[in-house]
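Topology and contacts: notes
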Amino acid sequence: MRISMKVPYDESQLRRTLRFLFERRMPSARPQGVALVALGGVGVGAAKFTDMFGDSALLFWASSALISSGVVMFFIARISVRSAMRTLPGYFRLDQQVLIDSEWLTVSTTGCESRMHWSWAEEIVETAEGWYALFGKSHIQLFPKNAMSKEEQAAFGQFAATFKK
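Keep in mind the model is a prediction, meaning the values are calculated, not measured.

Turning to the sheet that holds strand 5 (residues 123-126), a few remarks are in order. Ordered in space as 5-6-7, the three strands form an open sheet in which the pairing is antiparallel. Of all strands in the sheet, those bounded by a partner on one side alone are strand 5 and strand 7 (139-144). Shown here is a sheet whose adjacent strand axes are inclined to one another by a mean of 20°, direction ignored.

This is the structure:
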């Protein structure tokens, strides 16, 4: 297998890729956020109820902090993607030339080239948009289907299906 493709820079695609990576690394962030908001709501309710019997300011503020933390957890993926988009180096915002063979992945942009052996990849995940190759905890490479011919999609799809770390 040998596939060469040009992947034009697409900001919305980069955002989706970062969100995909974040959600793979922290799949329980939204449920945790919902749980914290619910727990904080119970605490606020308890603070209102116990206010009849004495001072409950500490319970109220602690519960409010839980609600605030829950809201942040719920939106942490969006916050993280925005932060990453602001801090990514400029070469992430350039068109890429991608060369794939059965041993190596080579990604080139103007002034930058990276070459990774497939043995370094943790997994390859297929989505409707393309394939994501995950290298370690924070490196991801998207191979968009719209940048490949039908034959290349079939060849890479077969490679990805048989890929095992």
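Looking at soluble globular proteins, one finds that nonpolar side chains tend to be buried together. Core analysis: the largest hydrophobic core is formed by 20 residues, its most contacted members being Ile-100, Leu-105, Trp-118, Ile-124, Phe-143 and Phe-156. Contributing elements (two or more residues each) for this core: strand 1 (2-7), strand 2 (96-101), strand 3 (104-109), strand 6 (130-135) and helix 5 (150-162). Sequence-distant contacts of Ile-124, that is, excluding residues within four places in its chain, are made with Trp-118, Trp-131, Tyr-132, Ala-133, Phe-156, Phe-159, Ala-160 and Phe-163. Formed by seven residues, the second largest nonpolar core is a distinct cluster that contains Leu-21, Val-125, Tyr-132 and Leu-142.

Thresholds applied
Residues numbered from 1 in each chain as written. Predicted model: local features only at pLDDT ≥ 70, side-chain atom pairs only at ≥ 80, totals over all residues. Heavy atoms only, no water. Pairing = 2+ DSSP bridges. Helix = DSSP H or I, 4+ residues; strand = E, 2+ residues; numbered from the N terminus. Axes fitted to C-alpha atoms, helices over the stretch in contact; angles between N-to-C directions. Core = buried A, V, L, I, M, F, W, Y, C linked by side-chain atoms within 4.5 Å. Buried < 20%, exposed > 50% of the residue type's maximum accessible area, 1.4 Å probe, protein only. Contact = heavy atoms within 4.5 Å.

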